[in-house]
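# Architecture at a glance
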Amino acid sequence: MSTPHPGADTATTWQQRPERSNMLLLRIMTWISLRLGRSAGRGVLYGIAAFFLLTNGGARRASRDYLRRVLNLPQVGWRQMFRHFLSFASCTHDRIYLVNDHFHRFDIRIHQEHLVAELTATRQGVFLMGAHLGSFEVLRAVGRRQPGLRVAMVMYEENARKINAALSAINPAAQQDIVALGHADSMLKVHELLESGCVVGMLADRGLNRDSTRPLPFLGDTAEFPFGPFRMAALMRRPVLFMVGLYAGGNRYDIHFETLADFSAIPAGGREAAVQAAMARYAELLEQHCRAAPYNWFNFFDFWQAGQAPSAANHGPAP
């Protein structure tokens, strides 16, 4: 199971921290969960969350800082941080069932699903901008309700390798379209997917250190958000939806879709302003859903570090 990695210095970018992933543990958890049931698997999560809360100083400091901002509290206690770690562990654990199509185990409520249906019906291709907030895997439930819906993920190559390894450990037969960035033909592959009517998903809250960023107000301070995902959507002249799959405790998830931008009719001269507006709305929506479900935030590093973009090299897409 992927876990937040300990770090002595929260100013160190997430990209510079090696992931603490254990494929053997993930396979064991998969076996327990699928053979003995979700309740048995969830029983282990409390120990895992407690262990990493106690031993992972960097992630603990990041959790305390984030919770202080989102909850508007002068101080954050151990109980709140434990709940934060447990929420992360729960979403990671539920990935086992979602990847194996065990949707009957969950109460999944989809809000504004018509936005996806309307755009995908045009077969023009759509960008879906998510974040490390809640579970992106729960999007599979939308595909189950809309036969023919195809979702491909765009991510940096190291993330692509990690998520493929995790999916293979959970379900060797699981199929997921992933385009790894950084290759000569990466953009061509994305364009071909869009032309085929595919939904192309990206987690737009982290980039690489070399990416250009834009400072945006977020949870009472300024954070740097990567410019690349929005520039790609603008260059390819596609509509963009915001999506989060929020864990509400127990077996409940709430999937929210919001209109973010439509670059299909933007003239070249207006592209920069349109991208800036889309990024501002993205940060506003991200803050709105963080406040609605504060324990779903899974960026366990200093997100507000001055002058540096949140880094993309991590445990992979939000669980």
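Rules and cut-offs
Residues numbered from 1 in each chain as written. Predicted model: local features only at pLDDT ≥ 70, side-chain atom pairs only at ≥ 80, totals over all residues. Heavy atoms only, no water. Pairing = 2+ DSSP bridges. Helix = DSSP H or I, 4+ residues; strand = E, 2+ residues; numbered from the N terminus. Axes fitted to C-alpha atoms, helices over the stretch in contact; angles between N-to-C directions. Contact = heavy atoms within 4.5 Å. Buried < 20%, exposed > 50% of the residue type's maximum accessible area, 1.4 Å probe, protein only. Core = buried A, V, L, I, M, F, W, Y, C linked by side-chain atoms within 4.5 Å. Expected span 1.5 Å × (residues − 1).

### With respect to the sheet that holds strand β8 (residues 239-247)
Read from one edge of the open sheet, seven strands run β1-β9-β8-β2-β5-β3-β4, paired in mixed fashion. Every interior strand has two partners, whereas the edge strands, β1 (107-111) and β4 (177-181), have only one. Adjacent strand axes in the sheet meet at a mean angle of 25°, parallel and antiparallel pairs treated alike. Where helix α9 (residues 228-235) meets the sheet, it contacts β2 (126-130), β3 (151-156), β4, β5 (199-203), β8 and β9 (252-262), and its direction lies at approximately 170° from that of β2.

### Description of the environment of P239
Positionally, P239 belongs in strand β8. Note on P239: relative accessible area 3%, which makes it buried. Along the chain, P239 and D262 lie 23 residues apart, while their C-alpha atoms are 4.0 Å from each other. With residues up to four places along the chain from it excluded, the contact list for P239 reads L119, Q124, G125, V126, F127, A261, D262 and F263.

### Observations concerning the nonpolar core
Grouped together as the largest cluster of nonpolar side chains are 95 residues, with contacts concentrated most on I108, F127, F218, F225, F257 and Y282. Once residues within four sequence positions are removed from consideration, F225 is found in contact with A204, D205, S212, T213, R214, L216, F218, M279, Y282, A283, L286 and F303.

### Topic: helix α10 (residues 271-292)
An ideal rise of 1.5 Å per residue puts 32 Å on 22 residues; α10 measures up with 31 Å between its terminal C-alpha atoms. Of all the positions in α10, only A274, V275, A278, M279, Y282, A283, L285, L286, H289 and C290 are classed as buried.

### Focus on the pairing of β5
Of all the five residues making up β5, five are buried; the element is thus mostly covered by neighbouring parts of the structure. Burial along β5 is two-sided: V199, G201 and L203 facing one way and V200 and M202 facing the other are all buried. The pairing of β2 with β5 spans five bridges and is parallel. If you follow M129 over to β5, its bridge partner there is M202. Sheet topology places β3 next to β5; three bridges connect them, and they run parallel. Residue pairing for β5: V151 is matched across the bridge by V199.

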